[in-house]
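So the chains spell out like this:
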Amino acid sequence: MEMMDKVERIQRFLSICDEMIGGSYLNAETKISEALKEIAGCRELTNLFTAVTDGFDYPAAKRAYLRPRTGTGPGSRVGAFLPTERQEILAFVFCLFVEIDAGTMHMNDLLLRYFYVDGSYTASYSVFAGRMIKPFRDIVRECFPECGKRGQFAVQRKRREETLSQISAAILAERNRVMSRALLDEEKVAGEEIFSELSAASARRDVAEVRALLAGYRYFLRYINAESAESDALFALAQTL
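The structure displayed is predicted, hence computed values, not measured ones.

Draft legend 1. Expanded view of the packing of helix H2 (residues 28-40) against helix H5 (residues 86-102). The geometry of H2 relative to H5 is characterised by a closest axis approach of 9 Å and an angle of 120° between their N-to-C directions. Relative to H5, the element H2 lies oblique. Here the hand of the crossing between H2 and H5 comes out left-handed. Every residue of H5 that contacts H2 at Glu29, Ile32, Ser33, Leu36 and Ile39 is listed here: Phe94, Phe97, Val98, Ile100 and Asp101. Residues of the contact of H2 with H5, tallied by class, amount to 7 nonpolar, 1 polar and 2 charged.

Laid out in structure tokens, this is it:
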């Protein structure tokens, strides 16, 4: 379970980076704050950035890598770039995020001074995101290969297993609830058959059959006037599969 939690936390952080890369400069400061909160709440990410920033001289790095654009016209050039070492890239962008989050540097000022392109904040932010955030995100992702597609599939499988286990328990509770009612003989036979098949399909982890049987079970409940909060919870669980 701890492994799944780790993967989910890191994936949330990477998703925020994705949103920054594809998003607007208007939301960038908010997203940076969200990214830093995810780092603070994830031991693995905290350890990573503690390690890469140990001994890192951010003021010197700013002087070296954040150079004001040259000129003011359409041909002016962006002078900002990243260190060549992967560890320093992580440290530099992380420290830049911290400075923005602390309010000592504002996104508009950053874009105007170091990334401003063709008179457009949108275009300037696109350069900033592509030049700074994208390499940063890619390196973090490479540091945690378990958070790639294989890791995502593992999380999905784990969630599905947990949901199916909850459904199995809910089916047993539903059987006890419904079959204790005063039912006609044919209703009892139909109910027992439905619950038997549902339990078997759930045990086989046959999601398609569980869904199909629950669709029929919904109509059975309406027929015998036995819908309840418990059955609604069972159907809601099935919707998450």
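Structure shown, so let's carry the discussion forward.
Draft legend 2. Structural context of H2. An ideal rise of 1.5 Å per residue puts 18 Å on 13 residues; H2 measures up with 18 Å between its terminal C-alpha atoms. Burial in H2 covers these residues: Ala28, Ile32, Ala35, Leu36, Glu38 and Ile39. Each buried residue of H2 sits inside an arc of 155° when the element is viewed along its axis, so together they form one side. Facing away from the buried surface of H2 by more than 90 degrees, the exposed residues are Lys37 and Ala40.

Draft legend 3. Up close: the packing of helix H3 (residues 43-53) against H5. Taken N-terminus to C-terminus, the directions of H3 and H5 make an angle of 105°; their axes are 8 Å apart at the nearest point. The angle between the axes of H3 and H5 places the two elements in the roughly perpendicular class. In contact with Leu48, Phe49, Ala51, Val52 and Thr53 of H3, H5 contributes Gln87, Leu90, Ala91, Phe94 and Cys95. Split into classes, the residues belonging to the contact of H3 with H5 amount to 8 nonpolar, 2 polar and no charged.

Quick notes on the rules
Throughout, residues of each chain are indexed from 1 in the direction in which the sequence is written. Where totals are concerned, whole chains, interfaces and linings use all residues; where local detail is concerned, this predicted model gives features only for residues with pLDDT of at least 70, and gives and counts side-chain atom pairs only at 80 or more. Only hydrogens and water are removed before side-chain values are computed, so all heavy atoms of the structure are retained for them. Whenever a helix is involved, its axis is fitted only over the stretch in contact; in every case the axis is a line through C-alpha atoms, and angles between N-to-C directions fall within 0 to 180 degrees. Under the scheme used here, helices are H or I runs from DSSP no shorter than 4 residues and strands are E runs no shorter than 2 residues, and both carry numbers assigned from the N terminus. Roughly parallel here means an angle under 35 degrees, roughly antiparallel means over 145, roughly perpendicular means 65 to 115, and every remaining angle is called oblique. For any helix crossing, the convention is left-handed if the near helix is rotated counterclockwise from the far helix by under a right angle, and right-handed if that rotation is clockwise. Contacts are residue-level and defined by heavy atoms, with any inter-residue pair within 4.5 Å sufficient. Residues are sorted three ways: Asp, Glu, Lys and Arg are charged, Ala, Val, Leu, Ile, Met, Phe, Trp, Tyr, Cys and Pro are nonpolar, and all the rest, Gly among them, are polar. Working rule for helices: expected span equals 1.5 Å times residues minus one. Buried means the residue's accessible area, taken with a 1.4 Å probe over protein chains only, is under 20% of the maximum for its type, while exposed means over 50%, and partly exposed covers the values in between. The directions from the helix axis to the C-beta atoms form the arc being described.

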